Amino acid sequence: MKAIIYEQYGGPEKMELQEVSRPEPGRGEVLIKVLAASVNKADWHILRGEPFPIRMMAGMFKPKYQILGADVVGMVERVGEEVTQFKPGDEVFGELSATGFGAFAEYAISDEKHIAKKPSNLSYEETAALPMAAVTALQGLRDKGEIKVGQQILINGASGGVGGFAIQIAKAYGAEVTAVVSTKKVNQAWALGADQIIDYSKADFTEGSSQYDLIFDVVGNHSISEIDRVLKKGGRYVSTVFSMGAMFLGPWKAMTAKKQLINLMASTTSADLQTISKLAEEGFVKPVIQKTYTLDDVPEALQTMGDGSIAGKLVISV
Ligand SMILES: NC(=O)c1ccc[n+]([C@@H]2O[C@H](COP(=O)([O-])OP(=O)(O)OC[C@H]3O[C@@H](n4cnc5c(N)ncnc54)[C@H](OP(=O)(O)O)[C@@H]3O)[C@@H](O)[C@H]2O)c1
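The structure presented is a predicted model; accordingly, all values stated were derived computationally and were not measured.

*Asks:* So what exactly am I meant to see when it comes to the overall build of the protein chain here?
*Replies:* The helix and strand tally for the protein chain stands at ten helices and 15 strands. Since a compact globule built from 318 residues should have a radius of gyration of about 20 Å, the 19 Å found for the protein chain is in line with a globular shape. Projected onto its principal axes, the C-alpha positions of the protein chain cover 60 × 40 × 40 Å. Buried residues in the protein chain amount to 55% of all 318 residues. For the protein chain, long-range pairs separated by at least 24 residues make up 66% of all intrachain contacts whose partners lie at least 6 apart in sequence. Summed over its atoms, the accessible surface of the protein chain is roughly 13700 Å², and 52% of this surface lies on carbon and sulfur atoms. Averaged over its 33 positive side-chain charges, the protein chain has a centre that lies 5 Å from the centre of its 38 negative ones.

Here's what the structure looks like:
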């Protein structure tokens, strides 16, 4: 099969299209014929082995996973022993970061616990935009954020992969959403359903007079004392970007101000993929795709991710 391989940490120039042998599904695993994939910040970090602590998981001196790509959509080709939920021919989508990545290839392996049936109303490419970004938004808002109807929610970084889904999921849960975005993404944020928008090039949300029940942060560019100022008593701050402040000050703030400061570590499950699929089929979640690439163009897509300022998702059609 064809796959985009890299054998040393570095930039996208370390990646090349190669012919490699097709993987075989083990116990509890399925072999997926990949039809689409998408790029996440995780691929960019693991490609470069930066920040350094990521090497504890991805290999200290050279990459443990030579084929990147977490988000996958495709057709089940074969199933391993003890697979109970899927059969050959099923159209599935899933997230491979817990089982060694591998979606930037013609075939990939997934544990059946990390896939679900593809939403019926989306294309393969649209579906590929969902797994990691939409599940992160769901777990951040619903599980860590304990989102409730009518709450005032601020999403910092509402224009990228995770943030774009966070607007839509927060609206689906009945919250009032303030989206923090750059000037060129203002229209996109309105279209996704934001109730208020703060253009961060013109105003700093931590200096405004509004306070929020839940702040969902995918940028991590403010100190905890700045966040504290605009978080209501009893409110929750959930960050997808590791915050030392949240880790060290979290217990103190919980005790003194009943505010929860939480670092999110999302973990994709079949059940959460099914929830996202249902939200998509009911029309609450619709992916925004900045650009679709071919498998050969994966290095270019990774470079675009590294350059930043993404509007929605970068998708690979295989
Ligand atoms: N903890 C977890 O489990 C988990 C899971 C998934 C992702 N993540 C992390 O979450 C972060 C976001 O992921 P993503 O996939 O959404 O990345 P992304 O697609 O690159 O989105 C980030 C967005 O932030 C915007 N932005 C940049 N500076 C900003 C600022 N000062 N204020 C407001 N918005 C700003 C960018 O657009 P503009 O430049 O146009 O503003 C971009 O659209 C990444 O660091 C990723 O590693 C963590």
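Let us keep going from here.
*Asks:* Looking at this structure, how should I read the site of the ligand?
*Replies:* Around the ligand, the surrounding shell holds 24 residues, and the nearest of these are Ser182, Lys185, Tyr200, Leu264 and Ala266. In this structure, Gly161 approaches the ligand through a main-chain N or O atom, which is 2.9 Å from an oxygen atom. In isolation the ligand offers 910 Å² of accessible surface; the protein chains occlude 84% of this area. Counting residues per element, the ones that place at least two in the shell around the ligand are α1 (41-48) and α5 (161-172). Taken together, the residues of the shell around the ligand sort by class into ten nonpolar, eleven polar and three charged. Looking at the shell around the ligand, you find at least three residues from each of domain 1 (2-130 + 287-317) and domain 2 (133-263).

*Asks:* Looking at this structure, I do not really get the environment of Gln196. What am I missing?
*Replies:* Structurally, Gln196 is set in strand β10 (residues 196-199). Take Gln196: its relative accessible area is 33%, and that puts it in the partly exposed class. In the structure, Gln196 is positioned 17 residues away from Ala179 in sequence and 6.3 Å away in space, judged by C-alpha atoms. Residues within four places of Gln196 in sequence aside, it is in contact with Glu176, Val177, Thr178, Ala179 and Trp190. At 3.3 Å, the side chain of Gln196 and the side chain of Glu176 are in polar contact. A polar atom in the side chain of Gln196 sits 3.3 Å from the side chain of Thr178.

*Asks:* Sorry, what's going on with the domain arrangement of the protein chain here?
*Replies:* One frequently used descriptor of interface size is the decrease in accessible area upon assembly of the parts. Each domain of the protein chain was delimited in the assignment, giving domain 1 (2-130 + 287-317) and domain 2 (133-263). Here the C-alpha centroids of domain 1 and domain 2 sit 28 Å apart. Between domain 1 and domain 2, the residue contacts involve ten residues of the former and eleven residues of the latter. Between domain 1 and domain 2 the total buried area reaches about 720 Å² when both faces are included, carbon and sulfur atoms providing 53% of it.

*Asks:* Honestly, the sheet that holds strand β13 (residues 260-263) in this entry has me stumped. Any pointers?
*Replies:* Strand pairing within a sheet occurs via backbone hydrogen bonds; the two strands may be parallel or antiparallel. An order of β10-β9-β8-β11-β12-β13 is seen for the six strands of this open sheet, with the pairing classed as parallel. Unpaired on one side and paired on the other, β10 and β13 mark the two borders of the sheet. On average, adjacent strands in this sheet sit at an angle of 15 degrees to one another, irrespective of strand direction. Bridge count between strand β9 (residues 176-181) and β10: four bridges; the pairing is parallel.

*Asks:* What is the right way to look at the pairing of strand β12 (residues 231-239) in this model?
*Replies:* The side chains of a regular strand alternate, first on one face of the sheet and then on the other. Bridge count between strand β11 (residues 212-217) and β12: five bridges; the pairing is parallel. Within β12, the residue paired with Tyr212 across the bridge is Leu231. Tracing the backbone out of β11, into helix α7 (residues 224-229) and back to the parallel element β12 gives a crossover that is right-handed. Pairing of β12 with β13 involves four bridges; the strand directions are parallel. Bridging across to β13, Arg236 finds its partner in Gln260.

*Asks:* Please clarify how the environment of Asp204 should be interpreted in this entry.
*Replies:* With respect to the element layout, Asp204 can be found in the loop between β10 and β11. Each C-alpha atom of the pair Asp204 and Val180 lies 9.0 Å from the other, and the pair is 24 residues apart in sequence.

*Asks:* When you look at helix α10 (residues 298-307) in this model, what are you seeing that I'm missing?
*Replies:* In an α-helix, one turn spans 3.6 residues, which is why side chains three or four residues apart end up on the same side. Along α10, the positions that sit buried rather than exposed are Val298, Pro299, Ala301, Leu302, Thr304 and Met305. Contacts from the buried residues of α10 go to β1 (2-6), β2 (15-19), β3 (29-39), α1, β14 (289-294) and β15 (313-317). Of the residues trailing α10, Gly308 is marked for its positive phi of about 85 degrees.

*Asks:* How do you make sense of the pattern of salt bridges when you look at a structure like this?
*Replies:* Opposite charge on two side chains makes pairing possible when the charged atoms of those side chains draw close. Under the counting rule described, the total for this entry stands at 18 salt bridges. When the shortest N-O distance is used, the salt bridge between Lys253 and Asp228 registers 3.0 Å. Taken together, the residues span a long stretch of sequence, with Lys253 in helix α8 (residues 244-257) and Asp228 in helix α7 at a distance of 25 residues. Its relative accessible area of 21% is what places Asp228 among the partly exposed residues. In this structure, a network of salt bridges that share partners links the residues Arg27, Glu81 and Glu82.

Here is what the cut-offs are and how they apply
All residue numbers here refer to positions counted from 1 along the written sequence of the relevant chain. The predicted nature of this model means local features are confined to residues of pLDDT at least 70 and side-chain atom pairs, given and counted, to a pLDDT of 80 or more, with totals for whole chains, interfaces and linings taken over all residues. Think of the side-chain values as coming from all heavy atoms in the structure, minus any hydrogens and water. Helix and strand definitions follow DSSP, with helices as H or I runs of at least four residues and strands as E runs of at least two, each counted in order from the N terminus. To get the radius of gyration, use the C-alpha atoms; to get the globule rule, take the number of residues to the power 0.38 and multiply by 2.2 Å. Per-residue accessibility, obtained with a 1.4 Å probe over protein chains only, is compared with the maximum for each type, and a residue is labelled buried under 20%, exposed over 50%, and partly exposed between these values. Here a residue-residue contact requires only that any non-hydrogen atoms of the pair lie within 4.5 Å. Here the accessible surface of atoms and residues is derived via Shrake-Rupley with a 1.4 Å probe, and residues count as covered only by protein chains that are part of the display. Charged residues are defined narrowly, with Lys and Arg counted positive, Asp and Glu counted negative, and His plus the chain ends left uncounted. Charge positions come from single atoms, namely NZ of Lys, CZ of Arg, CG of Asp or CD of Glu. Being near a molecule or strand, for a residue, comes down to having at least one heavy atom within 4 Å of it. We define a polar contact as two N or O atoms separated by no more than 3.5 Å, with the added condition that, inside protein, one atom must be a possible hydrogen donor and the other a possible acceptor, whereas residues neighbouring each other in sequence contribute only through side-chain atom pairs. Residues are grouped as follows: nonpolar covers Ala, Val, Leu, Ile, Met, Phe, Trp, Tyr, Cys and Pro; charged covers Asp, Glu, Lys and Arg; every other residue, Gly included, is treated as polar. Segmentation of the chain into domains, including their bounds, is taken from an automatic or database domain assignment. Reported buried area values correspond to the accessible surface (1.4 Å probe) lost by two parts on association, with both partners' losses combined. Paired strands, as defined in this entry, are two strands with at least two bridges between them according to DSSP. Convention adopted: a line fitted to C-alpha atoms gives each axis, helices being fitted over their contacting stretch, and angles between N-to-C directions are expressed from 0 to 180 degrees. Seen with its strands pointing away from the viewer, a crossover is right-handed when the path leading from the first strand over the helix to the second is clockwise. Only one rule defines a salt bridge in this text: a Lys or Arg side-chain nitrogen within 4 Å of an Asp or Glu carboxyl oxygen.

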